[in-house]
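Each chain is listed here by its residues.
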Amino acid sequence: MLVYVTCLAGLQMFIKINIWCLAGTILFFAIVVGMITLKKGKPGKSPPPDRRYFPFVSVIIAAHNEEKVIAETIKQAFALRYHKSGKRNYEVWVINDRSTDRTAEIVEGMKHRYPVNVLHRDSSELPGKAAALNHCLPLTAGEVLLTLDADALFPEDLISKAVAYLAPELVGGAQVVKRIINPDTNFLCARQADEYKISVGIQQGRDSIGGTVEFKGNGSFIKRSALESVGGWTNHTVTEDLDLSTKLLLAGYRIRFVAGTWVGEQAAPDYQSFVRQRLRWIEGSMLRYLTYFQDLLTSRMHPLLRSDMLFFAAE
């Protein structure tokens, strides 16, 4: 009631000033009404992580011409602390995706030190990360899949901190915090690190109100049953993470955000690579909304999820 009276007083005052103030006040009214409407039908609060949930996990690392970093990433993967009865409760798959450098040679050499599984894809295979992941999926045994970039940096508790969030049946995946690990390289890298920090706050907020958390490609946990129910990754897409997020949300699954652990990645070090990266992200985001826009409007998705996803269309 206090909010209503305040808004009404503000409306009367702004009418006497100018049309722009009036327009702003009307917009404010619309937001207040929308928030009240959504709050009344708000989904239940996010359940706490269930530490009894202990699924077998398939760690999948897709690599295309990653000879400089792939060995270190494999070492990190086998240092993860996620064991059951004294044995690893996870497997590691590396997809050598049509590499033309020494990636294949290095990965094969790592087999002498670690029980790493390798899928080699040659130039005749369908290109793209989504196609590579779909190719590998039938070979994996995990109830949960963890996708990592070939240059990822991550702590030993990555799996153990995140999988508990996937226990509820209708939780189809989870995304951990992403960090920039080279912020001191230059001004551009520092600003990207700031951007990632802002994104963490947005994701946490969306998760806390039952909104739409989205996969970010690196550090994404995906429940196999949910993935298979939507037909896997979409091969012909620019951003397979955003596309899969949308498919799962439309199918009635939730994606959780895990703030207690993280993955690190390199920022684009120069403006040319930065622009190329962002153009790909923009293209992928536009493509998924063009593809699923009608479904977003007509599906049985909760109004809060629908409005949240449309509001953050460019996030």
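Note that the structure is predicted; figures quoted are calculated from it, not measured.

Glancing now at the pairing of strand 6 (residues 144-149). Within strand 6, five of the six residues are buried, which leaves the element mostly enclosed by the surrounding structure. Two strands pair when backbone bridges link them, and strand 1 (residues 57-63) and strand 6 are joined in this way by six bridges, in the parallel orientation. Residue pairing for strand 6: Ala62 is matched across the bridge by Asp149. Looking at chain direction, strand 6 and strand 8 (residues 220-223) are connected through four bridges and run antiparallel. If you follow Leu146 over to strand 8, its bridge partner there is Phe221.

Right, let's get into the confidence of the model for the chain. Per-residue confidence for the chain averages 87 on the pLDDT scale, and 84% of its residues sit at or above 70. Low confidence marks residues 1-5, where pLDDT is under 50. Its contacts with residues over four positions away, or in another chain, come to one contact.

On to the sheet that holds strand 1, then. Taking strand neighbours across the sheet as the criterion, the seven strands line up as 5-4-1-6-8-7-9 in an open arrangement whose pairing is mixed. Since the sheet does not close on itself, it has two edges, and those belong to strand 5 (117-121) and strand 9 (254-265), each with one partner. The sheet shows a mean angle of 20° between the axes of neighbouring strands, taken without regard to direction. By the bridge criterion, three bridges tie strand 7 (residues 171-180) to strand 8 in an arrangement that is antiparallel. Following the sheet pairing, Gln175 is matched in strand 8 by Ser220.

One way to put it is that helix 3 (residues 70-77) packs onto helix 4 (residues 103-110) with a least axis distance of 9 Å and a crossing angle of 30°. Considering the angle they form, helix 3 stands roughly parallel to helix 4. In this structure, the crossing between helix 3 and helix 4 has a hand that is right-handed. Residues Ile70, Ala71, Ile74 and Lys75 of helix 3 form the contact with helix 4, whose participating residues are Ile106, Val107 and Met110. Here the residues of the contact of helix 3 with helix 4 are counted per class, giving six nonpolar, no polar and one charged.

The rules behind each value
- Residues numbered from 1 in each chain as written.
- Predicted model: local features only at pLDDT ≥ 70, side-chain atom pairs only at ≥ 80, totals over all residues.
- Heavy atoms only, no water.
- Buried < 20%, exposed > 50% of the residue type's maximum accessible area, 1.4 Å probe, protein only.
- Helix = DSSP H or I, 4+ residues; strand = E, 2+ residues; numbered from the N terminus.
- Pairing = 2+ DSSP bridges.
- pLDDT = per-residue confidence, 0-100.
- Contact = heavy atoms within 4.5 Å.
- Axes fitted to C-alpha atoms, helices over the stretch in contact; angles between N-to-C directions.
- Parallel < 35°, antiparallel > 145°, perpendicular 65-115°, else oblique.
- Left-handed = near helix turned anticlockwise from the far one by under 90°.
- Nonpolar A, V, L, I, M, F, W, Y, C, P; charged D, E, K, R; others polar.

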